[in-house]
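# Close look at the chain arrangement
Read off the chains here:
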Amino acid sequence: MHHIQLKQFSLASIQHHKQTIIHLLQSPSTTTKQLKQIHAQLLQSPSSFSSFFLCNSLLFAYAASSTPTHAFSFFATQMGHLHPNNFTFQFLLKASSKSKSVFQTVQIHSMTLKLGFGSYTFLQNAVLHCYVVCGCVVDARQVFDEMPHKDVVSFNSMIHGYCNSGEMDAASRLFSQTPDPNVISWTAMVVGYSSIGDVAAARQLFDRMPDRDLVSWNAMISSYVQNRHPIEALNLFCQMQAENFTPNPVTVSSVLSACANVGALDTGKWIHVFLNKKHFRLDPFLGTALIDMYAKCGVVELALEVFGRLQERNSCTWNAMINGLATNGHAKQALDLFSKMQVDRSVRPDEVTFVGVLLACSHGGFLEEGKKHFYCTLRDYGVNPLVEHYACMVDLLGRYGLLKEAEHVIRNMTIVPDVVVWRALLGGCRLHKDVELAERVVSEMEARDSGDYVLLSNLYASIGRWDDVEKVRKIMKDQGIQKIPGCSSIVIENTIHEFISGDKSHPRYAEINEKLEELGRKMAAVGYLAETGVVFYDIDEEEKEQALGHHSEKLAIGFGLISTAAATTIRIVKNLRVCNDCHTVTKLISKIYNREIVVRDRVRFHHFKDGECSCKDYW
DNA sequence: TTAGGGTTAG
């Protein structure tokens, strides 16, 4: 319809169509392209710019468009003869805040003062907000202090400003001075505490809020998600519905991310059904969240289905899909998708994309392709290599036993290598039993955690150097380094069951143990021998077998076997890497009990079926 | 016609 109307404009009839043009400019369905066409036609009849109302409408349209900076150029070149009013400034400030332009903000701010709008609260609030989104808290504070009449919006913007660079003391002080804080003031504080990682303080404020709206619920849920408390996020999501708040697309994106982190496939599927029922538009946020949820729950097929159906994809969407394929063992497909991304002109690979691409190369064992992407493609796209990229590259070289080359890459890094990079090299040492290099790496790492000591210790154990095992054990004891306990979870009928290594606290522990003993007998019958090298310390063989038998994933799988129907896929999420023994055992379980078992470890997926694993024993 | 909430990697 708009297209037909546009065609009707002729030079002579612009005045005649002024109302139609203004209507189009104010319509939210007018696209940026149409807006530019209208502007171009108006330029052919400069007299049209004598209409102040039309000029302001054009500013309004540009401020709301995907190219807000056009508002400034239009104002500077075509509105010089007009006296700006409060609307003019309002729209220009909207454009400033969207484009986060400090320069424009300063310009408009000084004009508002010069033209006598300094005591206009509405406008100065907008100026204040612009400084806040530009990250200029000091300037924002100056505006705030110089405002003769402050209202709750002024306080809220200023609070938000302090919450943003992380100045919670200042935010809190101002919050306590706010004459009549509203739900927005409270929510801003919740978000502030969340952003500095203080979820407890955020929750405390949330509980004390006099009233809450959907945005406050969303803020608290995403606070949990972003601070890696997905279970609390899901609990709060239930509570929110119990209090009769209907989730919107924002809620759903956060909750899907929580499902992804915890591996809650059923809840994730329920949300998928819910958002279809509500006819939520699958925008890139929602689409990406869905893809990531399915991928992190180990169901790549459904992730691909969503990806294929999306109308609109941004780089996050592609990244989530590429990464999902890579971590689920579909390295080739991940790289194929990356090729498609390269020819899609609507997106551009970024640093996250290359994490996925290099991960695919490393998991798939594509040495040459990995080198090509790391040394050439990444740089072609102007991406500066991050430690994550180096870590993938070191991992890839390490797998091939090219430990010297891997070390060379680290020594020549343009940025400071962090523990993740050294740890990648350490993984290579483990695989190829290079004790000397491993010792050197551990001594050079700045922040060692228990996992690094455990790895070194296991390396000694695997070649029978029990004295050294004892030495490492003593270092850990002396320095008070605790081994991070393995923890695996499984979702059964919407309840998350967590098992810690050696844990006997589960109410059905006796049955689980019985099942594991039965398993032991069945495995012995097919010639299984426990790989006792991975047990951390030197204890006698029988004890070692006991310790191995109670690794957290075995407990979780045992529970899965007794609490789900035959042939049901068992899905486990683990906080650490899977050990060799558990890997062997899980392969056998998949064959003996005819079950598909999907284990998500700290880094990647293992899909076990018919006695084999998707990682091809290479992880 | 100004103020608070969302996705990917780590």
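Chain A carries the name Pentatricopeptide repeat-containing protein, chloroplastic-like protein in an unreviewed UniProt entry, which gives Cinnamomum micranthum f. kanehirae as its organism. UniProt's Sequence similarities (unreviewed entry) comment on chain A is quoted here verbatim: "Belongs to the PPR family. PCMP-H subfamily."

For strand S5 (residues 605-609), a buried count of four out of five residues is recorded, marking the element as mostly surrounded by other parts of the structure. Where strand S4 (residues 597-600) meets S5, four bridges bridge the pair, whose relative direction is antiparallel. By the bridge assignment for S5, Ile597 is matched with Phe608. In textbook terms, the turn of a hairpin is the stretch between consecutive antiparallel strands, and for S4 and S5 this stretch comprises four residues.

With that settled, consider the UniProt feature "repeat: PPR" (unreviewed entry) in chain A. Annotation from UniProt places "repeat: PPR" (unreviewed entry) at residues 151-185, 213-247 and 314-349. When the span residues 151-185 is considered, its composition is 71% helix and 0% strand, and the gap between its end C-alpha atoms is 12 Å.

This part takes up the protein's contact with DNA strand B. Taken together, 42 residues surround DNA strand B, and among them Asn125, Asn156, Asp213, Asn218 and Asn248 come closest. Atoms of DNA strand B within 4 Å of the protein: sugar and phosphate make up 43%, bases the balance. Within the contact set of DNA strand B, a base nitrogen lies 2.9 Å away from a side-chain nitrogen or oxygen of Asn182. Contacts to DNA strand B include Asn319, whose side-chain N or O atom sits 2.9 Å from a base oxygen. Here the surface near DNA strand B is composed, by residue class, of 17 nonpolar, 19 polar and six charged.

Orientation of helix H19 (residues 300-309) relative to helix H20 (residues 315-327), taken along the N-to-C sense of each, is 155 degrees, at an axis distance of 10 Å. It follows that H19 is roughly antiparallel to H20 by the angle criterion. Along this stretch, H19 crosses H20, giving a crossing that reads as left-handed. Contacts between H19 and H20 involve Val300, Ala303, Leu304 and Phe307 from the former and Thr317, Trp318, Met321 and Leu325 from the latter.

A contiguous patch of negative charge on the surface is contributed by Glu301, Glu596, Asp610 and Glu612. As for its placement among the helices and strands, Glu612 is situated in strand S6 (residues 612-613).

Right, let's talk about empty space enclosed by the protein for a bit. One number sums up the size of the largest cavity: a volume of about 60 Å³. Lining the largest cavity are Gly263, Lys296, Cys297, Arg571, Ile572, Val573, Val598, Arg600 and Phe605. At the level of elements, strand S3 (570-574) and S4 are the ones that each hand at least two residues to the lining of the largest cavity. Per-element accounting of the lining of the largest cavity gives the leading share, three residues, to S3. Counted by class, the lining of the largest cavity contains five nonpolar, one polar and three charged residues. Two domains each provide a minimum of three residues to the lining of the largest cavity, namely domain 2 (247-312) and domain 5 (487-613).

Parameters and conventions
Residues numbered from 1 in each chain as written. Chains lettered and ligands numbered in written order. Predicted model: local features only at pLDDT ≥ 70, side-chain atom pairs only at ≥ 80, totals over all residues. Heavy atoms only, no water. UniProt positions renumbered as here; feature names shortened; annotations may be inferred. Buried < 20%, exposed > 50% of the residue type's maximum accessible area, 1.4 Å probe, protein only. Helix = DSSP H or I, 4+ residues; strand = E, 2+ residues; numbered from the N terminus. Pairing = 2+ DSSP bridges. Near = heavy atom within 4 Å. Polar contact = N/O pair within 3.5 Å; in protein donor to acceptor, adjacent residues only side chain to side chain. Nonpolar A, V, L, I, M, F, W, Y, C, P; charged D, E, K, R; others polar. Axes fitted to C-alpha atoms, helices over the stretch in contact; angles between N-to-C directions. Parallel < 35°, antiparallel > 145°, perpendicular 65-115°, else oblique. Left-handed = near helix turned anticlockwise from the far one by under 90°. Contact = heavy atoms within 4.5 Å. Patch = residues over 30% accessible without salt bridge, like charges linked within 9 Å, V, L, I, M, F, W, Y side chains within 5 Å. Areas by Shrake-Rupley, 256 points an atom, 1.4 Å probe, with all protein chains shown as cover. Salt bridge = Lys/Arg side-chain N within 4 Å of Asp/Glu carboxyl O. Lys, Arg positive; Asp, Glu negative; His and termini not counted. Charge placed at Lys NZ, Arg CZ, Asp CG, Glu CD. 1 Å grid on protein atoms, 1.4 Å probe; cavity = no way out; pocket = protein on both sides within 12 Å on 5 of 7 lines; lining within 4 Å. Points joined across faces, edges and corners; volume = space filled by probe spheres on them. Domains from an automatic or database assignment.

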